[in-house]
Amino acid sequence: MEVKTIMVIGAGQMGNGIAQVAAQAGYTTFMNDISEDLVDRGMTAIAGSLDRMVKKEKITADDKTAILGRITPAVTLDPASECDLVIEAVVEKMSIKADIFSALDRLAPGHAILASNTSSLPITGIAAHTGRPEKVIGMHFMNPVPVMKLVEVINGLATTPEVTATVRAVAEAMGKIPVECRDVPGFVSNRVLMVMINEALWELYEGVATAEGIDQIMKLGMNHPMGPLALADLIGLDTVLAILGVLQDGYGDPKYRPSPLLKSYVAAGWLGRKTGRGIYEYK
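- As recorded by an unreviewed UniProt entry, the protein chain carries the name 3-hydroxybutyryl-CoA dehydrogenase and is attributed to Desulfosudis oleivorans.

Next up, the structure:
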């Protein structure tokens, strides 16, 4: 199946990044969120990202104009009726995703593929809220989307090989490297990553070292480009907590028990970069 038009649900950090790379790849793109303010913020973020690319001479000013021209803001799901592929990128709550996929199933044409950027929730469970489970798939981008090359492709129980092949082709057209994995809690990336981040949070809670010290040790000793605590702030501490919850529920293993410090920060609203304060403070 050929994909020409894509809709991204969610204009936040992940959603606007996905919309950007879709438009860069030449796709007619809709970017949706629940208010004009949120969509406008997403468009501003894309423009800023493209400005940085112009400054680095990766694209021209004319390229930037053309890319932005391929993105249409939307505050309803109605444009799904024109799309070949819809990529959901909202918060990690099954109830919210279930409502969105149920609505998309009614609105999107019969041939359309419905993808989720979920970082941990079961694709098969999301697909159960549609009448087209064979056309539902996981398409998990990494943050920041315009920079990171990986897309985890997660096949649900009913996902067809044709849908998988189409999504792989779209990811490659976006300049990404698709890697398939099974539909298990956390998939591959977050099943490994969240254990590391959570352990770093436990060490901080226990006073083993400062946040800066923990991150420096992992950067200098393990050659990580970013320390686990700084990465947690980038991901969002609320998202980290939600993923650990999915892992703990899915596997019943105490190794996924979240650090009390993580719970405290989320309860305080210190969610990381997006709120200006998390493990670190951001001006």
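Having put the structure on the table, let's press on.
### Considering the UniProt feature "domain: 3-hydroxyacyl-CoA dehydrogenase C-terminal" (unreviewed entry) in the protein chain
Stage number 1. In this structure's numbering, the residues bearing the UniProt feature "domain: 3-hydroxyacyl-CoA dehydrogenase C-terminal" (unreviewed entry) are residues 186-282.
Stage number 2. Helix makes up 64% of residues 186-282 and strand 0%, with an end-to-end C-alpha separation of 28 Å.

### A word on the nonpolar core
Stage number 1. Grouped together as the largest cluster of nonpolar side chains are 36 residues, with contacts concentrated most on Ile6, Ile87, Met139 and Phe141.
Stage number 2. Listing elements by their share of this core, those giving two or more residues are strand E1 (5-9), helix H1 (13-24), helix H2 (36-55), strand E4 (85-88), strand E5 (113-116), strand E6 (136-141), strand E7 (150-155) and helix H6 (161-173).
Stage number 3. Tallying contributions element by element places H1 first for this core, with 6 residues.
Stage number 4. If we skip the residues at most four places from it in the chain, Phe141 touches Met14, Ile18, Val21, Ile87, Asn117, Leu150, Val151, Met174 and Lys176.
Stage number 5. Counting 24 residues, the second largest nonpolar core, distinct from the first, contains Ala200, Ile243, Leu244 and Tyr265.

### So, the UniProt feature "domain: 3-hydroxyacyl-CoA dehydrogenase NAD binding" (unreviewed entry) in the protein chain
Stage number 1. Listed under "domain: 3-hydroxyacyl-CoA dehydrogenase NAD binding" (unreviewed entry) in the UniProt record, and renumbered for this structure, are residues 6-183.
Stage number 2. Taken end to end, residues 6-183 is 41% helix and 21% strand, and its two terminal C-alpha atoms sit 23 Å from one another.

### Brief notes about the packing of aromatic side chains
Stage number 1. Tallied over the entire structure, the rule returns 3 aromatic pairs.
Stage number 2. Ring centres of Trp202 and Tyr205 lie 5.8 Å apart, and the angle between their planes is 80°; this geometry places the pair in the edge-to-face category. Of this pair, Trp202 and Tyr205 both sit in helix H7 (residues 189-206), 3 residues apart, which is roughly one turn of that helix.
Stage number 3. Centroid distance Tyr265 to Trp270: 5.4 Å. Interplanar angle 85°. Geometry classified as edge-to-face.
Stage number 4. For Tyr265, a relative accessible area of 16% translates into the label buried.
Stage number 5. The ring centre of Trp270 lies 3.6 Å from the NZ or CZ of Arg277, which sits over that ring.

### Focus: unusual backbone geometry
Stage number 1. A cis geometry characterises the amide bond from Asn143 onward to Pro144, with omega recorded as 0°.
Stage number 2. Position of Pro144 among the secondary structure elements: in the loop between E6 and E7.
Stage number 3. A positive phi angle, close to 65°, is found at Glu57, a residue other than glycine.
Stage number 4. With respect to the element layout, Glu57 can be found in the loop between H2 and helix H3 (61-69).
Stage number 5. At Asn223, a position not held by glycine, the phi torsion is positive, near 65°.
Stage number 6. Within the element layout of this structure, Asn223 appears in the loop between helix H8 (211-222) and helix H9 (228-235).
Stage number 7. Judged by its relative accessible area of 69%, Asn223 falls in the exposed class.

### Examining the side chain of Asn16
Stage number 1. Examined against the element boundaries, Asn16 turns out to sit in helix H1.
Stage number 2. Exposure remark for Asn16: the relative accessible area of 11% places this residue in the buried category.
Stage number 3. Looking at Asn16, its side chain comes within polar contact range of the main-chain oxygen of Gly12, at 2.7 Å.
Stage number 4. Leave out the neighbours within four places in its chain, and Asn16 touches Gly10, Ala11, Met31, Gly42, Ala45 and Ile46.

Conventions adopted
Per chain, residues are indexed from 1 in the order of the written sequence. Reporting in this predicted model follows two pLDDT cut-offs: at least 70 for local features of residues, and 80 or more for side-chain atom pairs to be given and counted; totals over whole chains, interfaces and linings ignore these cut-offs and use all residues. Hydrogens and water are ignored here; the side-chain numbers use all heavy atoms of the structure. UniProt positions are given in the numbering used here, feature names are shortened, and annotations may be inferred rather than shown by experiment. Only DSSP runs of H or I with at least four residues qualify as helices, and only runs of E with at least two residues qualify as strands; both kinds are numbered from the N terminus onward. In these notes, a set of buried Ala, Val, Leu, Ile, Met, Phe, Trp, Tyr and Cys residues joined through side-chain atoms within 4.5 Å is what counts as a nonpolar core. Each residue is placed in one exposure class: buried if its accessible area under a 1.4 Å probe, protein chains only, is under 20% of its type's maximum, exposed if it is over 50%, and partly exposed if it falls in between. By definition, residues are in contact when any of their heavy atoms lie within 4.5 Å. Pairing of aromatic rings covers Phe, Tyr and Trp, the last counted by its six-membered ring, and requires centre-to-centre distances within 6.5 Å; plane angles under 30 degrees mean stacked, over 60 mean edge-to-face, and any other angle means tilted. Any Lys NZ or Arg CZ found within 6 Å of a ring centre and within 35 degrees of that ring's normal is scored as a charge over the ring. Pairs of N or O atoms are called polar contacts if they sit within 3.5 Å, as long as, within protein, a hydrogen donor faces a hydrogen acceptor (for residues adjacent in sequence, only side-chain-to-side-chain pairs).

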